[in-house]
Amino acid sequence: MDYEDVPPSVNFIPCVKWVKKGVAKEIPEKIELSKEELQDIISQTKSELSTVEEEEDNENTGTPENPVTSVSDEYNFDKYDEEDTKPDALLGIGNLAVYSNESGDPYVTLNQNENESDDDSEKEDDKINPRDNLILVGHVEVDASILEVYVYNEEEGTLYVHHDLLLPAYPLCIEWLNHDPIERKPGNLCAIGSMSPVIDVWDIDIVDCLEPAFKLGHRGNKKKGISKYGHRDAVLDLSWNSNMTHIIASGSADQTVLLWDLDSRKFASSLTSFQEKVQTLQWHPFEGQTLLVGSCDRVARVFDCRVEDAHRDWTVPGEVERVQWNHFSPFNFLVGTSTGSIHHIDCRTDAPLWELSAHSKEITGLALSSQCPGLLMTTGADGSQKTWDILDGSPSLVYEHKQKLGTLLCLDACPDLPFVACIGGDNKNHNFCVVDLMEYSGVKHRFANRELMQAIKSEEEEVESAEESSAMETADAMFESLSLDTSDQPQPSTSTVTMKNFQSSGLKNKEKAFGGKKKKFKKKK
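All values reported here derive from a predicted model rather than from experimental measurement.

Now for a positive patch on the surface. Where like charges cluster on the molecular surface, the positive patch consists of Lys215, Arg219, Lys222 and Lys228. Within the fold, lysine 215 resides in strand 10 (residues 214-216). For lysine 215, a relative accessible area of 39% translates into the label partly exposed.

Structure follows, in structure tokens:
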């Protein structure tokens with residue numbers, strides 16, 4: 001047997017996220033660490049790992065009558081740190097230190113001209129074209145967790161890994177954001193939720209980075225007197241608020257949603273109306289105070305975050321796996337469940353507009369085209385990818401494709417290309433792909449002539465948004481009390497009154513709903 005062809009025991013893609021064109025630096029920065037700096041990082045990492053292990057040991061310690069037997073005793077792992085280990089070998093990254101010049105590196109044997117030629121070639125490969133999309137891919141292989149940054153260019157037909165980052169924990173969700181609280185200007189960052197309760201935020205414009213730009217939450221450290229802060233269990237989903245860019249929401253297995261202020265890196269409030277794990281959430285595309293949340297208690301909830309515990313509920317026949325706002329119809333959203341069903345719901349009504357048995361197993365991906373109205377893409381644990389047309393008020397299956405990626409685990413639609421999406425699965429030999437729906441004749445026949453549209457804000461709304469952003473910078477107290485809106489209007493005191501206003505019969509049209517604004521759409525050629 002050729003052992004080189006044997007796939008690893010674990011190799012899958014749990015989460016993916018597109019990055020729109022033009023936000024990445026043309027030439028990403030590179031980290032060059034001295035051996036002293038590298039040793040400091042290694043020592044800090046070892047200390048953190050030791051603290052985590054001690055906490056886990058304390059939690060798993062049995063009683064004298066029924067002691068817990070650890071596998072580490074059999075292999076003498078308890079004395080592993082006592083062995084003589086060279087500093088350069090710690091964590092397997094000791095040799096990453098950069099020499100001041102290549103002549104000092106004993107492993108460089110090429111002459112100077114060859115080196116200059118290779119450098120020019122590498123610099124050209126490192127460049128990111130403004131017409132490139134980035135794809136953030138969470139990858140788990142054997143015992144390594146990696147964030148891979150792909151470059152995709154539709155015009156050139158290229159797809160490759162530009163760089164990757166080693167993650168401290170198994171990733172569960174990825175969210176892109178451009179609010180950089182450190183530089184105080186738009187950036188290119190991604191937040192990662194994982195099996196750890198701490199959310200890591202990485203700078204995608206930095207290559208060979210060993211540490212996140214900052215973290216949200218803390219595991220706690222009894223020795224240093226630092227208490228736990230943030231979530232108490234795995235972070236299952238994240239959603240960045242594109243209307244109030246310093247806010248990000250996180251849902252966790254600890255049955256809570258936390259609303260984080262990125263500038264202070266503290267959570268301002270928590271939502272606790274859940275009886276089970278919070279699996280999925282998404283901010284409204286146009287209204288900064290409206291949050292859609294789905295949980296394992298089989299309920300989808302829409303929160304008005306201006307008022308404490310203000311929400312409206314819809315019960316579905318399975319655990320909520322995915323939720324998705326319809327940016328072409330702002331009152332409506334989609335819910336995918338563990339039973340494979342999809343429910344299209346209008347916030348103003350109690351019953352779903354329609355229900356659909358889409359997959360034989362749970363819904364793992366739910367995405368609407370960014371520009372083609374009515375085009376819905378779904379993936380399921382049954383291994384199938386399906387394309388639907390929901391424009392006429394009832395869903396119709398347009399195309400079904402059995403992807404050879406094993407169990408499909410995640411799906412995301414490209415924000416710039418209306419018919420392009422990426423999918424991740426658990427096939428050990430092939431678990432990631434980018435699909436162009438126009439390659440399927442059925443999809444092309446249905447949608448090729450459909451007029452493309454893109455939501456835009458009017459000039460009045462842009463001014464209001466700028467004023468709102470300025471006001472939020474000095475309204476920390478308001479944010480901490482869950483007042484995510486800068487309106488001077490008095491707020492109702494109960495969730496019932498709030499949601500009645502939300503669906504009031506006095507709102508005669510969409511211009512007066514969702515903050516009294518009507519979203520305009522720009523036709524695309």
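A separate point is the pairing of strand 20 (residues 332-337). In terms of burial, strand 20 is a largely internal element, six of the six residues being buried. Judged by which residues are buried, strand 20 turns out to be covered on both faces: Asn332, Leu334 and Gly336 on one side and Phe333, Val335 and Thr337 on the other are all buried. Two successive antiparallel strands, strand 20 and strand 21 (residues 341-346), enclose a turn made up of three residues, where glycine 340 displays a positive phi of approximately 90°.

Another aspect to go through is the pattern of salt bridges. Using the criterion set out here, one finds eleven salt bridges in the structure. In this structure, aspartate 346 and arginine 348 form a salt bridge, with 2.7 Å as the shortest nitrogen-oxygen distance. Classification of aspartate 346 as buried rests on a relative accessible area of 7%. Ionic pairing is found between arginine 450 and aspartate 389, a salt bridge with its closest N-O pair at 2.8 Å. Of this pair, arginine 450 sits in the loop between helix 4 (441-447) and strand 30 (452-456) while aspartate 389 sits in strand 25 (residues 384-389), and the two are 61 residues apart along the sequence. Each member of the pair, arginine 450 as well as aspartate 389, is classed as buried.

Turning our attention to the pairing of strand 16 (residues 290-295). For strand 16, the buried fraction is high: six of the six residues fall into the buried class. Side-chain alternation along strand 16 places Thr290, Leu292 and Gly294 on one buried face and Leu291, Val293 and Ser295 on a second face that is also buried. Between strand 15 (residues 278-283) and strand 16, which pair antiparallel and follow one another directly, the connecting turn spans six residues. Across five bridges, strand 16 lies against strand 17 (residues 299-304) in antiparallel orientation. Residue pairing across strands places leucine 292 opposite valine 302, the latter belonging to strand 17. The hairpin formed by strand 16 and strand 17 contains three residues between the paired strands, and arginine 298 there has a positive phi angle of roughly 70°.

Conventions used here
Residues numbered from 1 in each chain as written. Predicted model: local features only at pLDDT ≥ 70, side-chain atom pairs only at ≥ 80, totals over all residues. Heavy atoms only, no water. Patch = residues over 30% accessible without salt bridge, like charges linked within 9 Å, V, L, I, M, F, W, Y side chains within 5 Å. Areas by Shrake-Rupley, 256 points an atom, 1.4 Å probe, with all protein chains shown as cover. Salt bridge = Lys/Arg side-chain N within 4 Å of Asp/Glu carboxyl O. Lys, Arg positive; Asp, Glu negative; His and termini not counted. Charge placed at Lys NZ, Arg CZ, Asp CG, Glu CD. Helix = DSSP H or I, 4+ residues; strand = E, 2+ residues; numbered from the N terminus. Buried < 20%, exposed > 50% of the residue type's maximum accessible area, 1.4 Å probe, protein only. Pairing = 2+ DSSP bridges.

By themselves these figures say nothing about function.
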